[in-house]
Amino acid sequence: MPEPTQLQKTYKRIQRQFNRATRDYSMLHDGDRILVALSGGKDSLAMLKLLAERSRILKPHITIVAAHVTMVNIPYKANLTFLREFCSANNVELHIAESGFDSSTDKRKSPCFLCSWNRRKALFTLAQSLHCNKIALGHNMDDFIETMLMNITFQGAFSAMAPVTKMDKFPITIIRPLCLVNENDVEFFAKESNFPKQEKNCPHENGSNRATMKELLKQLENINPEARYNLWGSMSNVQPELLPPKIEKKQ
C-alpha cells in the first residue's frame, strides 16, 4: 500500500477534528436541515465538503444546503462559477442571496461589524425560508482564539464564541464544526486542492483588530509552540478562585 500523501494526511487530521467537534459539542441531530454559509473562502469550502460527506452517513441523518451572500457595496467577490461547480460536485444545493449596508448610518460600528451583521441577517432570513433549523459557520480554532484575545484587549471580557449557539430571536441554532481545526491545516488543504482565491479581497481585512490578533497569535506561538492549544484549553479551564472577584459599582 502506498504511503499517504501529505494532503491525505492533512485531510484525515481535519476530518478527525471535525468529527470530534460535532460529537463533543452535540452539533448534529437526526433530521437536521443545515444551511452552510459558503463565503468562498478556504474554511467554508472545507466545511461544506466535510458536512456533505457527513450527510451521506445514515445516523444521525442530516440534510445540507448552501448559501452564498454577496455584499453589493463591498469590493469583495467570490468565484461564483467555482462555487456552483463545487456544490454540484458535492451534491449540495446552492442559493445566492444579496445584502448591503451604509457605513455612514452608524459611525460607532466598524465596516467589518456592519458587513458581518448584515450577512448574518441575510443567512437567518434564507435559513427560515428554506426550513433549515441550523446554520453552519466556518470559524476555525484560530478564529476562536483571536476573538478571545480581542475581547480581552478591547472589551475587558474573557469571552470568545460558542461552538453551538441557540438564537433567541430566531428558531435557528448556529454551529461551528471547524472549531477544533488548525487554520494552517485548512490553508494547506485549500492550496493543495487548488481552491481558487477570492477574486477581490475585502479592503478592510488587513486593517482590522483581527489581523492584529492574528499576528499576536503567531508571536505567542514563537514563544511557545503549544500556545494555540493552551489558549483554546484556557477557555474551558477557568479558575474563578484564582481571579479577582467582580466588584459591583456603587450607584
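Please refer to the structure placed before this passage.
Residues numbered from 1 in each chain as written. Predicted model: local features only at pLDDT ≥ 70, side-chain atom pairs only at ≥ 80, totals over all residues. Heavy atoms only, no water.

So, the overall build of the chain
Thinking step 1. Summing up its helical and strand segments, the chain has eight helices and six strands in all.
Thinking step 2. Traced from its N-terminal end to its C-terminal end, the chain shows the element sequence α-β-α-β-α-β-α-β-α-β-β-α-α-α.
Thinking step 3. Taken over 251 residues, the chain has a buried fraction of 41%.
Thinking step 4. About 14,900 Å² of surface is accessible on the chain, with carbon and sulfur atoms providing 52% of the total. (Helix = DSSP H or I, 4+ residues; strand = E, 2+ residues; numbered from the N terminus. Buried < 20%, exposed > 50% of the residue type's maximum accessible area, 1.4 Å probe, protein only. Areas by Shrake-Rupley, 256 points an atom, 1.4 Å probe, with all protein chains shown as cover.)

Details of helix α3 (residues 80-89)
Thinking step 1. All of the buried residues in α3 are F82, L83, F86 and C87. For α3, the angular spread of the buried residues around the axis is 130°, confining them to a single face. Residues of α3 that are exposed and point over 90 degrees away from its buried face: E85 and A89.
Thinking step 2. Downstream of α3 by one or two residues, N91 has phi in the positive range, about 55°. (Arc of directions from axis to C-beta.)

Some remarks on the pairing of strand β2 (residues 63-71)
Thinking step 1. With seven of its nine residues buried, β2 lies for the most part within the structure.
Thinking step 2. Here strand β1 (residues 33-37) runs beside β2; their pairing, made up of five bridges, is parallel. Bridge pairing in β2 places L35 opposite V65.
Thinking step 3. Between β1 and its parallel partner β2, the chain crosses via helix α2 (residues 42-55), and the hand of that crossover is right-handed.
Thinking step 4. Two elements, β2 and strand β3 (residues 93-99), share seven bridges in a ladder whose sense is parallel. Its bridge partner lying in β3, M71 is registered against S99. (Pairing = 2+ DSSP bridges. Right-handed = clockwise from strand over helix to strand, strands pointing away.)

Some points on the pattern of salt bridges
Thinking step 1. On inspection of all chains with the given rule, the structure shows 14 salt bridges.
Thinking step 2. Put simply, K9 and E3 hold a salt bridge, and the shortest N to O gap is 3.3 Å.
Thinking step 3. Classification of K9 as partly exposed rests on a relative accessible area of 36%.
Thinking step 4. Notably, a salt bridge pairs K42 with D43, separated by 3.4 Å at the nearest N-O pair.
Thinking step 5. The exposure class of K42 is partly exposed, given its relative accessible area of 23%.
Thinking step 6. D43 gets classed as buried once you look at its relative accessible area, which sits at 12%. (Salt bridge = Lys/Arg side-chain N within 4 Å of Asp/Glu carboxyl O.)

Let's talk about a nonpolar patch on the surface
Thinking step 1. A cluster of nonpolar residues, I152, F158, V238 and L243, forms a patch on the protein surface that exposes about 370 Å² of accessible area.
Thinking step 2. When you line up the elements, V238 lands in the segment after α8 (227-234).
Thinking step 3. Taking relative accessible area as the criterion, V238 reaches 43% and is therefore assigned partly exposed. (Patch = residues over 30% accessible without salt bridge, like charges linked within 9 Å, V, L, I, M, F, W, Y side chains within 5 Å.)

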